[in-house]
Amino acid sequence: MYKSGFQAASLDNILSNANVTKGALYHHFGSKQELGYAVVDELIREHILNRWVRSLEKAENPIDGLLAILRAKEPHPGFDQRLGCPLNNLAQEMSPLDEGFRKRLEGVFREWRQGIAKALRRGQERGQVRSDVDPLESADFFIAALEGSLSLAKNAQDTDVFDNCKAGLASYLKGLRTPGSS
């Protein structure tokens, strides 16, 4: 699904890559669609929550926490920059076609943006984030810029594009700091 998209991923290919029989697959999922929903609910959502929301909850400073995640070498296990972001790929492909996918994917984006906004609000309370920053607006911008940078790099098939975008995002994040805090 990650490599060729949900619609183009044949059931035979999925079975072969997962090393399971058709009977085993249908024991757990009634259809390819249900399998796709589980991928969103159990893999993609959990990755976003663990990597972004839960790690930011533990961060002493939300800006430092976001920068650390942004600078990590590998965004998630199995990530291939040439293939883009699994969340964004599915959102682009399936949201206009399937309401079940759209709602699930929108929920993941909502939890992600709310998690970042909550961390930024906490940073404001601690004097680490400028008081004039709108946490939700900043979270929306950050996610849109990150996802856009992954799409640009995927299209260009060039890691330098993603690195340039990450540098710009890092500068943006640093600009959210309260003067004198670091």
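As a convention, each chain's residues are numbered from 1 in the sequence order in which they are written. Reporting in this predicted model follows two pLDDT cut-offs: at least 70 for local features of residues, and 80 or more for side-chain atom pairs to be given and counted; totals over whole chains, interfaces and linings ignore these cut-offs and use all residues. The side-chain values count all of the structure's non-hydrogen atoms but skip hydrogen atoms and water molecules.

A. Molecular detail of the packing of aromatic side chains. Pairing of aromatic rings covers Phe, Tyr and the six-membered ring of Trp, with a centre-to-centre limit of 6.5 Å; geometry is then stacked below 30 degrees between planes, edge-to-face above 60, and tilted otherwise. As enumerated under the stated definition, the model contains six aromatic pairs in all. Ring centres 5.4 Å apart and planes at 45° place the aromatic pair tryptophan 52 and tryptophan 112 in the tilted group. One end of the pair, tryptophan 52, is in helix α3 (residues 32-58); the other, tryptophan 112, is in helix α6 (residues 99-125), and 60 residues separate them in sequence. Here's how the labels work: a residue is buried when its accessible area is under 20% of the maximum for its type, exposed when over 50%, partly exposed in between, all with a 1.4 Å probe on protein chains only. Residue class for tryptophan 112 comes out buried when judged on its relative accessible area of 1%. Residues tryptophan 52 and phenylalanine 142 carry aromatic rings whose centres are separated by 5.6 Å and whose planes lie at 65° to one another, so their mutual orientation is edge-to-face. Here tryptophan 52, found in helix α3, pairs with phenylalanine 142, found in helix α7 (residues 135-156); they are 90 residues apart in sequence, far enough to count as distant. Judged by relative accessible area, tryptophan 52 falls into the buried class, the value being 5%. Looking at phenylalanine 142, the relative accessible area reads 1%, which means it is buried. An aromatic cluster of at least three residues, connected via ring pairs, comprises Trp52, Phe109, Trp112 and Phe142. The residue whose ring lies beneath lysine 32 is phenylalanine 6, and the NZ or CZ to ring-centre distance is 4.8 Å. Directly above the ring of tyrosine 37 sits arginine 104, whose terminal nitrogen or CZ lies 3.8 Å from the centroid. A run of H or I in DSSP becomes a helix once it reaches four residues, and a run of E becomes a strand once it reaches two; helices and strands are each numbered from the N terminus. Any Lys NZ or Arg CZ that is within 6 Å of a ring centre and within 35 degrees of that ring's normal is treated as a charge sitting over the ring.

B. Region of the structure containing the packing of helix α4 (residues 62-71) against helix α8 (residues 159-174). Two elements in contact, α4 and α8, have axes whose closest approach is 10 Å; the angle formed by their N-to-C orientations is 175°. By the angle between their axes, α4 is roughly antiparallel relative to α8. For the pair α4 and α8, contact is made by Ile63, Leu66, Leu67, Leu70 and Arg71 and by Lys166, Leu169, Ala170, Leu173 and Lys174, respectively. Class assignment of the residues belonging to the contact of α4 with α8 gives a composition of seven nonpolar, no polar and three charged. The convention used is that axes are lines fitted to C-alpha atoms, helices contributing only their stretch in contact, and that angles between N-to-C directions extend from 0 to 180 degrees. Reported orientations rely on four angle classes, namely roughly parallel under 35 degrees, roughly antiparallel over 145, roughly perpendicular from 65 to 115, and oblique for the rest. The criterion used for residue contact is that any of the two residues' heavy atoms lie within 4.5 Å. Think of it as three bins: nonpolar holds Ala, Val, Leu, Ile, Met, Phe, Trp, Tyr, Cys and Pro, charged holds Asp, Glu, Lys and Arg, and polar takes everything else, Gly as well.

C. View of the nonpolar core. To define a nonpolar core, start from buried Ala, Val, Leu, Ile, Met, Phe, Trp, Tyr and Cys residues and group those joined through side-chain atoms within 4.5 Å. In this structure, Ile116 and Phe142 are the most contacted members of the largest nonpolar core, which totals 39 residues. Within the residue set of this core, elements represented by two or more residues are α3, α4, α5 (86-94), α6, α7 and α8. The element best represented in this core is α6, accounting for eight residues. Here phenylalanine 142 is in contact with Trp52, Leu66, Leu70, Ile116, Leu169 and Leu173, once residues within four sequence places are set aside. With six residues, the next largest nonpolar core counts Leu11, Leu15, Leu25 and Leu35 among its residues.

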